Each structure stands twice: as C-alpha cells, then as structure tokens.
Amino acid sequence: MMQTYQYDVEILHLLVSPGHAYFGRARDGAADVPTTDADRVELVAGKGVVGDRFFGKAAHMDAALTLLAVEALEAMAADLGTPPFDPLLTRRNVVLRGAELAPLLGGEFALESQGAFVRLRGGRPAHPCAWMDRVLAPGAHAAMRGRGGLRCQVLSDGFLHRGPAVLHSPVPLEAERAGDSVRRRPTRLP
C-alpha cells in the first residue's frame, strides 16, 4: 500500500481511436479515422485501452494510455490568442480537469471513478507532434511543448468513467506545497 493524497478531478473526455489519424505529411490532411468520445472505457493491465490503436502494442506498453490536463490547452489558446481548442484533436485518451500531471512522471498513482480504481504509472511526457500546428492553430506545436500530457502504463484492469473522479497521487499538488491544504486527504490506496 502506498500513501496518497486525494484530489477531486473531472474526467471530461475518454477518447478511443482504432487507428492513427496524424501520420504522413500534415499538408495532406489527417486520415478519416473514427473516434469515440466514450462515457466509459475499459483498461487492461500491461495493454492499455480496449479498442484503441495502441492496445497491446509492444512498443507502447509503457505508454499505452495518455492523459492531458485541459487547463494546459486553455493556457495554450490564451497564449496564442485563439478560441478554445477541442481537446479531442490532441488525440489523448483521457482529458482531465483539476489534475497536475508533471509531478506524476515516473510514479505510481490511480484514478478512481464511480468507485472503481485504475492504477497507473506515469511514464514519459506526451510530446506534441508537428500536426498540432495544422489541427489546433499555427504555433500550437511549440506552445504545447512541456504541457502535452503524460504517457502512462496501465498497472491494473478496470474502467474509467466520464464525470467526477478522484486522483490518488503520491505527491501533493503545487498549491499544497505552497501551504494550501484544502484538498489534501491522506489515504492508503487499496
């Protein structure tokens, strides 16, 4: 059991895509690949999101699930002076509100939604590709560097559901490190 801090977050989007949409040259346009913004997704330990393009692919076992904080996209749009971006265009599997992702790099944590826990390990940053200039806005590729999300390894089977959720983190949020402990609830993760 690891001691964690609990933070209320919201799962805004759960993207499942069976194929790659952004490959080749951006000037040729994105592939027409169906995607699902699901209400619920199934995760399998060591494999990722059932039905997703990276599910069970050896090259992606440690990065089969991608997370993105919507606040990063909102800040990017403000920096670029554009209207808000559609988070689904980033092709990240889970779009969250209220989560700090950078402190989770290299650590184990969990997302709890509708009473179900899914354990994850933060692998590496989800770096943006040059396609972001085409699908979001000119300059988005550079603006997204350092805030493109987090690639994760799935450590336990389970489901994630859109809506209110709890992030079980081994590290306190930045606000807590500054002395604000309103959202801190030390617990032990099962």
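Residues numbered from 1 in each chain as written. Predicted model: local features only at pLDDT ≥ 70, side-chain atom pairs only at ≥ 80, totals over all residues. Heavy atoms only, no water.

Engineer: Where do I start with the side chain of arginine 91 in this structure?
Structural biologist: Residue placement: arginine 91 occurs in the loop between helix H1 (70-80) and strand E6 (94-97). Despite its burial, arginine 91 pairs with no opposite charge; the closest candidate is aspartate 52, at 6.6 Å N-O. A distance of 2.9 Å separates polar atoms of two side chains, one belonging to arginine 91 and the other to serine 17. (Helix = DSSP H or I, 4+ residues; strand = E, 2+ residues; numbered from the N terminus. Buried < 20%, exposed > 50% of the residue type's maximum accessible area, 1.4 Å probe, protein only. Lys, Arg positive; Asp, Glu negative; His and termini not counted. Salt bridge = Lys/Arg side-chain N within 4 Å of Asp/Glu carboxyl O. Polar contact = N/O pair within 3.5 Å; in protein donor to acceptor, adjacent residues only side chain to side chain.)

Engineer: Would you mind going over the sheet that holds strand E4 (residues 48-49) with me for this structure?
Structural biologist: Whether parallel or antiparallel, the strands of a sheet pair through hydrogen bonds between backbone atoms. An order of E4-E3-E10 is seen for the three strands of this open sheet, with the pairing classed as antiparallel. In this open sheet, the two edge strands, each paired with only one partner strand, are E4 and strand E10 (158-161). Of the strand pairs in this sheet, strand E3 (residues 40-44) and E10 are connected by four bridges, and their pairing is antiparallel. Across the sheet, the residue bridging to glutamate 42 is phenylalanine 159, located in E10. (Pairing = 2+ DSSP bridges.)

Engineer: Looking at this structure, how should I read the pattern of salt bridges?
Structural biologist: Working definition: two side chains of opposite charge can pair if their charged atoms are close together. Applying the stated criterion across every chain yields a total of eight salt bridges. A salt bridge links arginine 119 to glutamate 108; the shortest N-O distance between them is 3.2 Å. A residue pair is termed long-range when its members are at least 10 positions apart, and arginine 119 in strand E8 (residues 116-125) and glutamate 108 in strand E7 (residues 108-113) qualify at eleven residues. Close ionic contact of glutamate 108 with arginine 121 constitutes a salt bridge, the shortest N to O distance being 2.9 Å. Remark: arginine 121 occurs in strand E8 and glutamate 108 occurs in strand E7; sequence separation between them is 13 residues.

Engineer: Would you explain the environment of leucine 89 in this entry?
Structural biologist: Its location among the elements puts leucine 89 in the loop between H1 and E6. You can call leucine 89 partly exposed: its relative accessible area is 30%. Separated by 42 residues in sequence, leucine 89 and tryptophan 131 have C-alpha atoms that sit 9.9 Å apart.

Engineer: Is there a simple way to explain the confidence of the model for the protein in this structure?
Structural biologist: Detailed conclusions should not be drawn from predicted coordinates in areas where pLDDT is low. When pLDDT is averaged across the protein, the result is 83; 80% of the residues are at 70 or more. Across residues 180-184, confidence stays below pLDDT 50; counting only partners more than four residues off in sequence or on other chains, it has eleven contacts. (pLDDT = per-residue confidence, 0-100. Contact = heavy atoms within 4.5 Å.)

Engineer: I'm lost on the pairing of strand E11 (residues 163-169) in this one. Help?
Structural biologist: Moving residue by residue along a regular strand, the side chains alternate between the two faces of the sheet. Burial within E11 is extensive, with six of its seven residues counted as buried. Of the strand pairs in this sheet, strand E1 (residues 3-16) and E11 are connected by seven bridges, and their pairing is antiparallel. Each bridged residue has a counterpart across the sheet, and for tyrosine 7 the counterpart in E11 is leucine 167.

Engineer: Which parts of the structure should I look at to understand the layout of surface pockets?
Structural biologist: Where empty space is left can be seen by rolling a probe of water-molecule size over the atoms. There is about 180 Å³ of room inside the second largest pocket. Taken together, 15 residues form the lining of the second largest pocket, with Leu101, Ala102, Gly146, Arg147 and Gly149 sitting closest to its centre. Per-class residue counts for the lining of the second largest pocket are nine nonpolar, three polar and three charged. (1 Å grid on protein atoms, 1.4 Å probe; cavity = no way out; pocket = protein on both sides within 12 Å on 5 of 7 lines; lining within 4 Å. Points joined across faces, edges and corners; volume = space filled by probe spheres on them. Nonpolar A, V, L, I, M, F, W, Y, C, P; charged D, E, K, R; others polar.)

Engineer: Would you explain H1 in this entry?
Structural biologist: Working note: α-helix, 3.6 residues per turn, so residues spaced by three or four point in the same direction. Of all the positions in H1, only Val70, Ala72, Leu73, Met76 and Ala77 are classed as buried. Buried residues along H1 cover an arc of 155 degrees about the axis, so they all sit on one side. In this structure, H1 carries Ala78 and Asp79 as exposed residues pointing more than 90 degrees from its buried face. Among the structural elements, E1, strand E5 (65-69), E6 and helix H3 (140-144) are those in contact with the buried residues of H1. (Arc of directions from axis to C-beta.)

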